[in-house]
Amino acid sequence: MMADSHRLPCTSRLLLSLAVGVMRTASSVAASGDAPPGKIAVIGAGIGGSSVAHFLQQHFGPHVQLDVYEKDTVGGRLATVTVNKQQYESGGASIHSLNLHMQDFVKLLGLKHRREVAGKSAVFSGEQFVLEETDWYLLNLFRLWWHYGMSFLRLQMWVEEVMEKFMRIYKYQAHGYSFSRLEELLHSLGGDAFVNTTQRSVAESLLEVGITQHFIDDVIVAILRASYGQSVLVPAFAGAMSLAGAQGNMWAVEGGNKLVCSGLLKLSKANIIQATVTAISLHNSEGKNFYQVHYEDEEGQGSSFYDIVVIATQLHDKKSNITFQNFDPPIAEFPGTFHTTITSIVHGYLNSSYFGFGDPKLFPFTSVLTTDSPALFFNSMDNIYPVNVSSTFRRKQPQEAAVWRVHSQRPLEKQELKMLFRSYYSVQVTEWQAYPSYESSKTLPPIVLQDNLYYLNSMEWAASSMEMAAVAAKNVALLAYNLWYHDLDKIDQKDLMHKVKTEL
Ligand SMILES: Cc1cc2nc3c(=O)[nH]c(=O)nc-3n(C[C@H](O)[C@H](O)[C@H](O)COP(=O)(O)OP(=O)(O)OC[C@H]3O[C@@H](n4cnc5c(N)ncnc54)[C@H](O)[C@@H]3O)c2cc1C
């Protein structure tokens, strides 16, 4: 059996493991005398909230009532804006090919990967391009080697090592294992050194494996400014996730990434309640906690009772304005702030002279990253294409009007827009509380706030992305299930690599 399963391709092995997980889930319910929970609330309908609704339904079964509260729009930080009747991603845009939960969701929902349209990137220092991609793979490699020696190879090896360890989570989850603390989860993936990747900076880790300061200043800084909008002081784990994305193999969902959220909510048959949750109060009956969720909607105030509550939005910075009542001791405020990223979607003519190209026809790049220079007022800009790409779609020529997504720390002033664009038809600005400001706190928040009360977005403080939200969602659903049915052998287990190898 072991030998056979080793011969299976990776995805088949994962499917087999998933099947084993599902069988085990059903048998432990049968063995347990506990009644299933009656009602579960999820607060927030972003990718975290919608995927946890799906996983909760999968584990607890179709008879549990699932209510998902959303104060704004389904999708949260996955959102689009419309330019000329076409939609463009304005929030979370790209997904790595090894993000297996996102891949599974797309398959499950019958969605498709959007067709990729090739383009070239470059790093701009405010005065000149310090690194330019060409059409030739070998020439790109040669240039990297010429400028930075072996650093790019060392980077690739370091990122691969982190990713390989991170991907163990899929096996653990397929076998039903869950974690009550982020530290336990990270430890199971790669021991103390892996936990430490959330405490030390990416710069420190890269210097340690022999990557030069020159490479960090030109390349790593640019990638982190484009992804998290932050410096190389972000923790190594979050940094590695961003750097993995910069190595290519990225995709997006045809029709828009937010379709995953609406699709999962529909599949889970959750009731979507359009309301702002204002408070959660704790009650106890016969030694068991239950919760009253207080909300405000168009008709006024209301509340409902639940056995289990999952908070799938940020609690830091009081962003969600949820208060906790009757908790003794009270739920402490979480240290740390969120990082603001401004997305400006501009439909206009690029001012290529600003980048040193007098003739707009000769501007070769579709993506401009930046180094950390006081002269620069933006972090990155990309010539983007719509969420629906037909087979006949072609990118605009550089001299034509195109849609650009500019990321900056603060709203762009008119003269700054005029520097980047000769002229423009429209500018649509979104101010995001995009990611944790990683330098503001190194504390990993709890996953369990109280019995049967879970905080899904604590995961963002390890790294923030769609897939991390989905991984956190699967963990919370498994943890809620394992705790509800007292399956303690499935929580915070040590030596899981060995256990999952011998379990099949
Ligand atoms: C500009 C930008 C670019 C990004 N690029 C990428 C990328 O390329 N790839 C990637 O993987 N990730 C990217 N991300 C990160 C990714 O989008 C997020 O990590 C992910 O979408 C977070 O999902 P979530 O469900 O945890 O939170 P959210 O999407 O924030 O969802 C939380 C939801 O809760 C709701 N809510 C809040 N408070 C309440 C309340 N009191 N009552 C009811 N509802 C409430 C909110 O309205 C929201 O819909 C990007 C993010 C931004 C902002």
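Residues numbered from 1 in each chain as written. Predicted model: local features only at pLDDT ≥ 70, side-chain atom pairs only at ≥ 80, totals over all residues.

### As for the overall build of the protein chain
Within the protein chain one finds 15 helices and 21 strands. Its C-alpha radius of gyration of 23 Å places the protein chain within 12% of the 23 Å reference for a compact globule of 504 residues. In terms of overall dimensions, the protein chain has a C-alpha envelope of 75 × 60 × 45 Å along the principal axes. Counting all 504 residues of the protein chain, 42% fall into the buried class. (Helix = DSSP H or I, 4+ residues; strand = E, 2+ residues; numbered from the N terminus. Rg over C-alpha atoms; globule rule 2.2 N^0.38 Å. Buried ≥ 20, exposed ≤ 12 C-beta atoms within 10 Å, placed from the backbone.)

### A word on the domain arrangement of the protein chain
According to the domain assignment, the protein chain contains domain 1 (2-76 + 257-335 + 439-503) and domain 2 (80-161 + 212-255 + 337-438). Of note, the centres of domain 1 and domain 2, computed from C-alpha atoms alone, are 32 Å apart. Of the residues lining the interface, 26 residues belong to domain 1; the matching set on domain 2 comes to 27 residues. Tallying contributions element by element places helix H12 (residues 258-268) first for the side of domain 1 that touches domain 2, with six residues. Of the residues belonging to the side of domain 1 that touches domain 2, the class tally is eleven nonpolar, eight polar and seven charged. (Domains from an automatic or database assignment. Contact = placed C-beta atoms within 7 Å. Nonpolar A, V, L, I, M, F, W, Y, C, P; charged D, E, K, R; others polar.)

### Remarks on the packing of helix H10 (residues 213-227) against helix H11 (residues 236-246)
Relative to each other, H10 and H11 sit at 95 degrees, their axes nearing to 10 Å. The angle between H10 and H11 falls in the class roughly perpendicular. Judged by residue contacts, Ile223, Leu224 and Ser227 of H10 engage Gly239, Ser242, Leu243, Gly245 and Ala246 from H11. Considering only residue class, the contact of H10 with H11 consists of four nonpolar, four polar and no charged. (Axes fitted to C-alpha atoms, helices over the stretch in contact; angles between N-to-C directions. Parallel < 35°, antiparallel > 145°, perpendicular 65-115°, else oblique.)

### Regarding the site of the ligand
Close to the ligand lie 36 residues; Gly44, Gly46, Gly48, Gly76 and Gly92 are nearest. Split by domain, the shell around the ligand shows at least three residues from each of two domains, domain 1 (2-76 + 257-335 + 439-503) and domain 2 (80-161 + 212-255 + 337-438). (Near = placed C-beta within 6 Å.)

### Considering the sheet that holds strand S20 (residues 448-450)
Strand pairing in a sheet is mediated by backbone hydrogen bonds. Such pairs are either parallel or antiparallel. Here we have six strands laid out as an open sheet, ordered S9-S2-S1-S13-S21-S20, and mixed in their pairing. Across the chains shown, the open sheet's two edge strands, defined by having one partner strand only, are strand S9 (271-274) and S20. Strand-to-strand twist of the sheet, defined as the mean angle between neighbouring strand axes without regard to direction, takes the value 20 degrees. Relative to the sheet, helix H3 (residues 47-60) contacts strand S1 (39-43), strand S2 (65-70) and strand S13 (308-311), its axis offset from that of S2 by approximately 180 degrees. (Pairing = 2+ DSSP bridges.)

### Focus on the pairing of strand S7 (residues 129-132)
Note: strand S6 (residues 121-124) against S7, three bridges, orientation antiparallel. Residue pairing for S7: valine 123 is matched across the bridge by leucine 131. Connecting the antiparallel pair S6 and S7 is a turn made up of four residues, with glycine 126 showing a positive phi of about 100 degrees.

### Here we look at the sheet that holds strand S14 (residues 323-325)
Judged by pairing direction, the sheet is mixed, and its four strands sit side by side in the order S12-S11-S10-S14 without closing on themselves. Taken across any chain shown, the strands that pair with only one partner, and hence form the sheet edges, are strand S12 (300-306) and S14. Geometrically, the sheet is characterised by an average inter-axis angle of 20 degrees between neighbouring strands, direction not taken into account. The pairing of strand S10 (residues 276-285) with S14 spans three bridges and is parallel. From the neighbouring strand, serine 281 faces S14, where its bridge partner is glutamine 325.

### So, the pairing of S1
Burial analysis of S1 places four of its five residues in the buried class, which makes it a mostly covered element. Here S1 runs beside S2; their pairing, made up of five bridges, is parallel. The residue of S2 that forms the bridge with lysine 39 is glutamine 65. Note that the unit made of S1, H3 and S2 has a crossover that is right-handed. Relative to S13, S1 runs parallel, the two being bridged by four bridges. Bridging from a neighbouring strand, valine 42 pairs with valine 310 of S13. (Right-handed = clockwise from strand over helix to strand, strands pointing away.)

### Section: the nonpolar core
If you look at the biggest cluster of nonpolar residues, it comprises 133 residues, and the most contacted ones within it are Val42, Val52, Val309, Val310, Tyr454, Leu456 and Val476. By residue number, the principal contributor to this core is helix H14 (residues 466-484), which donates 14 residues. Composition of this core by domain shows at least three residues from each of domain 1 (2-76 + 257-335 + 439-503) and domain 2 (80-161 + 212-255 + 337-438). Those residues in contact with leucine 456 that sit more than four places away from it in its chain are Gly48, Val52, Val310, Ile311, Ala312, Ala472, Ala473 and Val476. (Core = buried A, V, L, I, M, F, W, Y, C linked by C-beta atoms within 7 Å.)

### Here we look at the packing of H3 against H12
When two helices pack together, their arrangement is given by the angle between the helix axes and the distance between those axes. It is the contact of H3 with H12, at a shortest axis distance of 8 Å, that shows an interaxial angle of 25 degrees. By the criterion of interaxial angle, the relationship of H3 to H12 is roughly parallel. The handedness of the crossing between H3 and H12 is left-handed. Facing H3, whose interface residues are Ile47, Ser50, Ser51, Ala53, His54 and Gln57, H12 presents Val260, Cys261, Leu264, Leu265, Leu267 and Ser268. In the contact of H3 with H12, the residues fall into seven nonpolar, five polar and no charged. (Left-handed = near helix turned anticlockwise from the far one by under 90°.)

### A look at the environment of arginine 154
Mapped onto the secondary structure, arginine 154 falls in helix H6 (residues 151-166). Given 17 C-beta atoms within a 10 Å radius, arginine 154 is considered partly exposed. Sequence separation between arginine 154 and asparagine 326 is 172 residues; the distance between their C-alpha atoms is 52 Å. Excluding residues that lie within four positions of it along the chain, arginine 154 makes contacts with Val209, Gly210 and Ile211.

### Digging into helix H8 (residues 182-196)
Here H8 spans only 12 Å end to end across 15 residues, well under the 21 Å set by a 1.5 Å rise per residue. Of all the bends in H8, the largest measures some 125 degrees and sits at glycine 190. Buried residues of H8: Leu182, Leu185, Leu186, Ser188, Leu189, Phe194 and Val195, and no others. Buried residues along H8 sit in contact with H6, helix H7 (168-174), H14 and helix H15 (496-503). (Expected span 1.5 Å × (residues − 1). Bend = angle between axes of the 7 residues up to and from the residue.)

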